[in-house]
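For reference, the chains in residue letters:
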Amino acid sequence: MIRGKVTGRVWSSKHIETLPNGAMLEVDIEGSKIVAFDPLGCAEGEEVLITQGSVAAAFFTKHKAPIDALIIGSIDET
Amino acid sequence: MIRGKVTGRVWSSKHIETLPNGAMLEVDIEGSKIVAFDPLGCAEGEEVLITQGSVAAAFFTKHKAPIDALIIGSIDET
Amino acid sequence: MIRGKVTGRVWSSKHIETLPNGAMLEVDIEGSKIVAFDPLGCAEGEEVLITQGSVAAAFFTKHKAPIDALIIGSIDET
Amino acid sequence: MIRGKVTGRVWSSKHIETLPNGAMLEVDIEGSKIVAFDPLGCAEGEEVLITQGSVAAAFFTKHKAPIDALIIGSIDET
Amino acid sequence: MIRGKVTGRVWSSKHIETLPNGAMLEVDIEGSKIVAFDPLGCAEGEEVLITQGSVAAAFFTKHKAPIDALIIGSIDET
């Protein structure tokens, strides 16, 4: 997994039909940006843990989702 | 997912048979270029969201397609 | 596989339900950081071998786990 | 997909049994080199489109092939 | 695939049970290091071809192996 910090949210009105409803968050990973699906309700500035690839898509069990990056946890502040 | 800006279109007359009909767009991702299949009719300059790997190929359900990068949405201007 | 050195542990109280119980270790890979699931009880400073992607998730056979990085061995000192 | 320019061919007399017969071409991708299986008969200097990972391996339907990079098209000159 | 030069061997006495018996070689890929399973008996200094990800794991047909990098051939000197 990779860890990163949530920096914003992305909206897409024009999208393919299989895109699941829910937040798509922009996350900064050591200076690069990726966009991850967020099932946890994370906020801007939160440190999160992200899984990628087919492992991320496998989270969606009722329908096939085109998601290759998923927030799996929020990292505890220490 | 990764976000990028559409910079052009790629044409390939000589290709393997399983390549699906449709637009192959060149997208700039933080300075690198990738080529993604576009089922949405995006235009040059549009900001798009791209999913990669086997998750992209899974979009094609009628036949197996050799596509490892798929535009899943156009990002709303804010 | 990639090799790296364990640099710490990550805790996540707020996480998706399918995250398996067990240690999530932060590992330095040639200057970049990733987080890997550790089934071996590795310690900080230990050199480890990591497998990634769906190959890492396939380690979990009883339930589907959102793990895309797995420590598969500790590297012998030579 | 990624695009690149064919720079040469790689020969391997000592290989695993499941390696398919056919050309393995060296392709320059923005300064990095990868080696891709070529089912199209591309020549040195040709600009090609490459798909990667399990999507590339899925091209081989009669037997399982250890191919994670496949040339899927030659890019038209414009 | 990627090509690289074998630079050494990695030993791991403490490992998960599903790690297959056989050589794990350290390979230099354009200045980065990866560790790949070697079914061919390659030697230090040899130029090899490596496949990655689930395509590498699919080489193991009798049992599921946590291997995401596999040497599939030794490159002929020219």
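Residues numbered from 1 in each chain as written. Chains lettered and ligands numbered in written order. Predicted model: local features only at pLDDT ≥ 70, side-chain atom pairs only at ≥ 80, totals over all residues. Heavy atoms only, no water.

## Some details on the interface of chain B and chain D
The following threshold applies: Only heavy atoms enter the contact rule, under which two residues are in contact if any of them lie within 4.5 Å. Accessible area that two parts lose when put together, evaluated with a 1.4 Å probe and summed over both, is termed the buried area. Should a side-chain nitrogen of Lys or Arg be within 4 Å of a carboxyl oxygen of Asp or Glu, the pair is scored as a salt bridge. Think of a polar contact as two N or O atoms within 3.5 Å of one another; within protein, one of them needs to be a possible hydrogen donor and the other a possible acceptor, and neighboring residues in sequence only count if both atoms come from side chains. Counting from the N terminus, the helices are DSSP H or I runs at least four residues long and the strands are E runs at least two residues long.
Opposite the 25 residues of chain B that make contact, chain D presents 24 residues. Summing both sides of the interface, chain B and chain D together bury roughly 1,800 Å²; the carbon and sulfur share of this comes to 58%. It is Lys-14, Ile-16 and Asp-68 of chain B that lose the most area in chain B upon contact with chain D, and together they represent 33% of the buried surface on that side. Scanning the region where chain B abuts chain D turns up two salt bridges. Arg-3 of chain D is the partner of Glu-26 of chain B in a salt bridge, and the nearest nitrogen-oxygen pair spans 3.2 Å. Run the count over chain B and chain D and you get 15 residue pairs in polar contact (both at pLDDT 80 or more). Only strand 2 (14-15), strand 3 (23-29), strand 4 (32-38) and helix 1 (54-57) of chain B provide two or more residues apiece to the side of chain B that touches chain D. Looking at the side of chain B that touches chain D element by element, the count peaks at six residues for strand 4 of chain B.

## A few points about the arrangement of the chains
There is a gap between chain A and chain E: no contact, and a shortest C-alpha distance of 10 Å. Separating chain B from chain E is a minimum C-alpha gap of 10 Å, and the two share no contact.

## Notes on the relation of the copies chain C and chain A
For clarity, the cut-off: Superposing copies: least-squares fit, C-alpha atoms only, residues required to have pLDDT of at least 70 in both.
Each copy superposes on the other: chain C lies on chain A with an RMSD of 0.0 Å after a rotation of 72° and an axial shift of 0.0 Å. The superposition operator between the copies reduces to a five-fold rotation axis. Comparing contact sets, just 4% of the residues at the interface of chain C also lie at the interface in chain A, consistent with a heterologous contact between different surfaces.

## Quick look at the nonpolar core
Which entries qualify depends on this criterion: Side-chain atoms within 4.5 Å link the members of a nonpolar core, which is a set of buried Ala, Val, Leu, Ile, Met, Phe, Trp, Tyr and Cys residues. The rule is simple: take the accessible area with a 1.4 Å probe, protein chains only, and divide by the maximum for that residue type; under 20% is buried, over 50% is exposed, in between is partly exposed.
Grouped together as the largest cluster of nonpolar side chains are 75 residues, with contacts concentrated most on Met-24 of chain A, Met-24 of chain B, Met-24 of chain D together with Met-24 of chain E. Contact partners of Met-24 of chain E, with chain neighbours within four places excluded, come to Met-1 and Leu-49 of chain C together with Arg-9, Val-10, Leu-19, Val-35, Ala-36, Phe-37 and Ile-67 of chain E.

## Here's the deal with the packing of aromatic side chains
Spelled out, the test is: When the centres of two rings from Phe, Tyr and Trp lie within 6.5 Å, Trp using its six-membered ring, the rings pair. Their planes under 30 degrees apart give stacked, over 60 give edge-to-face, and anything left gives tilted.
Tallying each qualifying case throughout the model produces 10 aromatic pairs over all chains. Between the aromatic rings of Phe-37 of chain B and Phe-60 of chain B, the centroid separation amounts to 5.1 Å while the plane-to-plane angle is 75°, which identifies the pairing as edge-to-face. Linking Phe-37 of chain B in strand 4 with Phe-60 of chain B in the loop between helix 1 and strand 6 (69-74), this pair joins segments that are 23 residues apart in sequence. Judged by relative accessible area, Phe-60 of chain B falls into the buried class, the value being 13%. Each member of the aromatic cluster is reached from another via a ring pair, and the members are Phe-37, Phe-59 and Phe-60 of chain A.

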